[in-house]
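Listed here are the chains, written in short residue letters.
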Amino acid sequence: MDWGKVVQRRRPELPVMRQTTPHTRQHVSEVTTKCLELSKVIRLLEDPLTMTLKDRHIFVLKKLLKRSQNGFLLREIAGISKILNICAEKVKDQPEYIPILCEALTICRLPFLKEKVSDELTYAKDLTEFLTHIGCLMRVSDSEVRRQICDTVKSFYSCVAPQLLLDGTDRHTKPGARSLQSDSRFSRLSLGLQPTSPGLRLQLLEHSGLAQTLLLSMASLENQPAIKLQLLQTLQILSSTSDVNCALILNAQGAETICLHMNEPDPSGRVLCCSSEILWNLLEKGNKDGVTAQLSSMECIISLKEAFFQVMLNDLQHSDIKLRNDLLVIATLIAETPNSKLIESLFAKELMVLVTSPELKSHNSLVHNLKLSYNNEDFHMKKLLLNLVVVISKDFSALQLFRDSRVILALLTLVKPPAVSHEGRSGSRHWSSNQQEELQLQALATLATIAPLLLDDYMSCQGNTCLLLLLDWCVGKDAYFSQGHSFHGTGGRGSKRAQLRYCIRVLRSVTAVGDEPVNQDLCDQGIINQLLGILMQMEANTDEEDEVTVEIKSDIQLILSALCESDMHRKELFGTVGVEMVLHFLRKGSDKFYSGLGHNKLILSTVDCVWSCIVGCYTTEDYFLIKEGASLLLDLLSSSPRSVHGIVLATMLELCDNPNTLQHVLTWKDQGGQTGPRLLLRLWREEEAELGVRRDPHGGIMDTKKPLQGHYQPEIQLSFPANVPSTAVMEISENLRSKIFSVFCKLGFQDLPGLSTRDYITLCIIKRYLDLKVGEVWQEIGRELVVDHVRPVSPDEEALSTICKIAEDTARRVAAEQRSILQQHQKDDSREEELMYKEIKLSRKQEELTAKSWNHYVSKTSNYNILKEVKAQRDSSRPKPKHEDAATEPVQHFVAQVMNMEKTAAQGPAGMKVTLSRTSIRGATSGGK
């Protein structure tokens, strides 16, 4: 029996519409399942006996699609996927299957249907594979199938979902009309089916790799430009909505593929725009480094170059202008990669022509065909070109391009003050005032980067003169209302501060190179006095400081330091005015070090100014010392954070070469009474605590074998080449101990004021620092020889052993001296403690005697019997005169002091034995007569 005919014979007639009960629904569902099972359809398509029955296949497939007009069941999605793959294989020889594929893809735009809530989780893997197979259908060469695939994928991201009517209305039927199918059969949704959640399909699409599959199919679309455009639009949607899709596209070399195909023939003119958007999505949502790495090949850059100039030289519309700028940004990002071929492809050379236009006249045909309208898009292109100059300047091969294109001259033309830069251009179109301001600032920022690299061109174009004229204009009194909208104009709105900031920055970068002709030319034009005047003028302004102001001040000081560092005549030009400026900033101290406005840099630049502009010139040094400059440096050393101590100590050390400095250091005291030497000793202890050097609680040496070594110096030494300093040598420059030792060598180690015992113990180590450091270096040499398995000759080995032993003995002597100082201190403390206790004891006895004397006096006045006893004792103890003349002798008065008091067995006052010392007062007695 023919299976197809059986199916045709069993085709049910149209049922009569009536009320549906749950029992009826279940019965209809069972009948539908029995009427058409996917397994039988697949068997019909694959069975060798029936695989050639094309008409029966088409009939069954149409019936299957008609049954699934409202969406495919998740339960059947695996079978549907297999059926579509079989049809795709048959399309090669039998085009009659193409409408089946198109109809199935159209149904795929609808939400899939679930019978249970758990179906989404149960059939998630099947749905993922189904979406993968949809992308694989791009292998079908028919344009209609490919178009349906693109439309289907784009429909997944449509904001308006297709409306599924519960009464079974066909999706192609106009609103308000009833379909014959709705009258002929029950809707699938009316049988208890529900659409899947909206995000399920998009979530599983990322795991299916559909984006990667669609990208790989682009190579087969060379002869179908319309389909290629639709595919690019689909990839644009996929890349703009998911980071995972961007990663999948990049893994398939998507950026390179898109770039290489962007210049193919395109009747619509939209391929280049879509390609640019996809590249932007990959840069924003994907791995930026991965994108630029793929685009850095010679082929991609040439393709990008052709696309850029194709857009640039055509009659530009607004969309084309934006596309031109987008391609320029992509080229700039490619230029940031180390191995980009932007220069080798000659793309950079042609872009340099655009950089200097319209400031410089050129005979290049590219400039002649360039039509600038000076609108915002052209303005943005100009800014992007200036930014590109900074980016490619990291490649030294680009410097010759800058020379050939006269980039320095074009930049200096842009930085001229507005009144000068527009001369001779009246009546011609040019940048607006706001645009000119932004270009001026960006040109200054660009000069700060490339002028130090092209000093010859800079000097030949009189760059110093141009910048000094701009500097005069910046501090001038003429009115100028800056807009300050750009990034470079931050902090300069309504004034010329932004121009002043970047002008100073360019001068700083140029002078920092140390090229003597450039610096001499600046000094000959009076820049030192000019900068000092600007700096003090800014300080005279009582307005609140901001970040821009502080940056300008610190940059000016750095310029002065670079100019005066190696020239005595320039230090003399710095003079007393410069010294007063430095003293003014030193008096501010380090209170605002952590303000976040850049005061930390200002402090460092001020100290650098002392070192470079004052130290070494006797006139400025003496004036600096007379004005208590050394004391201000010590104040800064005492109050500043640890990060500043190194440069301050180095400056103090250089200043100590002047004999007048030592007295200032020795007599200095801070608010707590701490002297200069004691401050240095405290810094030494703090430095050793930071290094992890082992010291006892009193600061003495604990390990005589490693008296200076800290925890950060490795125990196991490596072998260093002869031209590489070892750890022990490098440690000298990485901490403050060597600088403190050098300062004490200037001050001396005797008769230092205000030191405690702990300070003297620390001073013992500092005194022997050089000997201990030499011993540490020799010990390190010995360990390196052991690591290298080198045995010195016997005399050298003996000398090395002797040196190490002497170093260890030196450490023992220092430790013994420290113990001696500590013992002497303890003895002095004991002696002082004994004297203190004696004074306390005597004072206590005096208080007791005074109290007893008072009590005795009170008892006499309050008890008559005691008074009589006292009188009797006094009369009995009074000696009788031997001669009569003695009775008439005057009474001798004396002043008595109680020396000792002891108790006896007698009761009352008689029981106290008092020892007195007395001094007679004859003058008073004779005076009484």
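Rules used in this analysis
- Residues numbered from 1 in each chain as written.
- Predicted model: local features only at pLDDT ≥ 70, side-chain atom pairs only at ≥ 80, totals over all residues.
- Heavy atoms only, no water.
- Helix = DSSP H or I, 4+ residues; strand = E, 2+ residues; numbered from the N terminus.
- Buried < 20%, exposed > 50% of the residue type's maximum accessible area, 1.4 Å probe, protein only.
- Contact = heavy atoms within 4.5 Å.
- Areas by Shrake-Rupley, 256 points an atom, 1.4 Å probe, with all protein chains shown as cover.
- 1 Å grid on protein atoms, 1.4 Å probe; cavity = no way out; pocket = protein on both sides within 12 Å on 5 of 7 lines; lining within 4 Å.
- Points joined across faces, edges and corners; volume = space filled by probe spheres on them.
- Nonpolar A, V, L, I, M, F, W, Y, C, P; charged D, E, K, R; others polar.
- Phe/Tyr/Trp six-rings, centres within 6.5 Å; stacked < 30°, edge-to-face > 60°.
- pLDDT = per-residue confidence, 0-100.
- Axes fitted to C-alpha atoms, helices over the stretch in contact; angles between N-to-C directions.
- Parallel < 35°, antiparallel > 145°, perpendicular 65-115°, else oblique.

1. A closer look at the overall build of the protein
Looking only at helices and strands, one finds 47 helices and 4 strands in the protein. When the 929 residues of the protein are sorted by exposure, 46% land in the buried category. Across the protein, the fraction of contacts at a sequence separation of at least 24, relative to all contacts at a separation of at least 6, is 75%. As displayed, the protein offers around 49000 Å² of accessible surface, 54% of which is attributable to carbon and sulfur atoms.

2. Considerations on empty space enclosed by the protein
As enumerated under the stated definition, the model contains 6 cavities of 30 Å³ or more in all. Counted as a void, the largest cavity has a volume near 50 Å³. Forming the boundary of the largest cavity are L61, L64, L65, F72, I80, I83, L84, C87, I100 and A104. With 4 residues, the single largest contributor to the lining of the largest cavity is helix α5 (residues 77-91). In terms of residue class, the lining of the largest cavity is built from 10 nonpolar, no polar and no charged.

3. Brief notes about the packing of aromatic side chains
Within the structure shown, the criterion is met by 11 aromatic pairs. Among the aromatic side chains, those forming a connected cluster through ring pairs are F308, F309 and F347.

4. Re the confidence of the model for the protein
Across the protein, the average pLDDT comes to 82, with 84% of residues at 70 or higher. Confidence over residues 159-190 falls short of pLDDT 50; this stretch has 48 contacts with residues more than four positions distant or in other chains. Here residues 421-427 is modelled with pLDDT under 50, and outside its nearest four sequence neighbours on either side it reaches 8 contacts, counting other chains as well.

5. Some points on the packing of helix α34 (residues 599-614) against helix α35 (residues 618-626)
Remark: α34 packs on α35, axes separated minimally by 9 Å, with the N-to-C direction vectors making an angle of 140 degrees. One way to sum up the angle between α34 and α35 is to call them oblique. Taken together, the residues of α35 that come into contact with α34 (itself represented by V610, C613 and I614) are T620, E621 and F624. Its residues assigned to classes, the contact of α34 with α35 comprises 4 nonpolar, 1 polar and 1 charged.

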